[in-house]
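Take a look at the letters that make up each chain.
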Amino acid sequence: MTNTMIAALLREREAYERRGQDERVAQVDEQLAHYGYERADEQQAPGGRSAPPQENADGDGAKERRGRGRPKLPRDAEGNVIRE
């Protein structure tokens, strides 16, 4: 139970850090101390979730947004799918 609570608090703390809510980070740190958690390195991110984005093959990094799902099928003026 304690490990689950610590993991949840670390995720919560990371979200507050990303948003710059230092007061909430301090409150979560108090709770982490209550459960006996001590950070080994203050610079270390919990769970490796805040690693910088890796570059893609084109070297654009995370700046380029990717589409979702499969491409849309061609449609006529009435909105019907055109099948060949």
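Residues numbered from 1 in each chain as written. Predicted model: local features only at pLDDT ≥ 70, side-chain atom pairs only at ≥ 80, totals over all residues. Heavy atoms only, no water.

Engineer: Is there a simple way to think about the packing of helix α1 (residues 2-19) against helix α2 (residues 22-34) in this case?
Structural biologist: The interhelical angle for the contact between α1 and α2, taken along N-to-C directions, is 165°, at an axis separation of 9 Å. Accordingly, the angle class assigned to the pair α1 and α2 is roughly antiparallel. Crossing angle aside, the handedness with which α1 passes α2 is left-handed. Listed contacts from α2 to I6, L9, L10, E12, R13, Y16 and E17 of α1 are R24, V25, V28, D29, Q31 and L32. In terms of residue class, the contact of α1 with α2 is built from seven nonpolar, one polar and five charged. (Axes fitted to C-alpha atoms, helices over the stretch in contact; angles between N-to-C directions. Helix = DSSP H or I, 4+ residues; strand = E, 2+ residues; numbered from the N terminus. Parallel < 35°, antiparallel > 145°, perpendicular 65-115°, else oblique. Left-handed = near helix turned anticlockwise from the far one by under 90°. Contact = heavy atoms within 4.5 Å. Nonpolar A, V, L, I, M, F, W, Y, C, P; charged D, E, K, R; others polar.)

Engineer: Can you help me understand the pattern of salt bridges in this one?
Structural biologist: If the charged atoms of two oppositely charged side chains come close together, the side chains can form a pair. Inspection of the entire model under this criterion finds four salt bridges. Its salt-bridge partner being R18, residue E14 comes within 4.0 Å of it at the nearest N-O pair. Pair noted here: E14 and R18 are both in helix α1, with a separation of four residues, about one helical turn. A single salt-bridge network, built from bridges that share partners, covers R13, E17 and D29. (Salt bridge = Lys/Arg side-chain N within 4 Å of Asp/Glu carboxyl O.)

Engineer: Would you mind showing me how to read the nonpolar core here?
Structural biologist: Within soluble globular proteins, side chains that are nonpolar tend to cluster in buried spots. In this structure, I6, L9, L10, Y16, V25, V28 and L32 together form the largest nonpolar core, which totals seven residues. For this core, the secondary structure elements donating two or more residues are α1 and α2. Sorting elements by how many residues they give to this core places α1 first, with four residues. Contacts of V25, omitting those with residues within four sequence positions, involve R13, Y16 and E17. (Core = buried A, V, L, I, M, F, W, Y, C linked by side-chain atoms within 4.5 Å. Buried < 20%, exposed > 50% of the residue type's maximum accessible area, 1.4 Å probe, protein only.)

Engineer: When you look at α2 in this model, what are you seeing that I'm missing?
Structural biologist: Counting along an α-helix, one turn takes 3.6 residues, and residues three or four places apart therefore face a common direction. Taking 1.5 Å per residue, 13 residues should reach 18 Å; α2 reaches 19 Å between its end C-alpha atoms and fits that length. Of all the residues in α2, the buried ones are V25, V28 and L32. Within α2, the buried residues cover an arc of 65° as seen down the axis, which keeps them to one side. When the buried face of α2 is taken as reference, the exposed residues oriented beyond 90 degrees from it are E23, E30, A33 and H34. Tucked into the core, α2 has its buried residues touching α1. Just downstream of α2 lies G36, where phi reads positive at about 85°. (Expected span 1.5 Å × (residues − 1). Arc of directions from axis to C-beta.)

No statement about biological role is implied by the geometric values presented.
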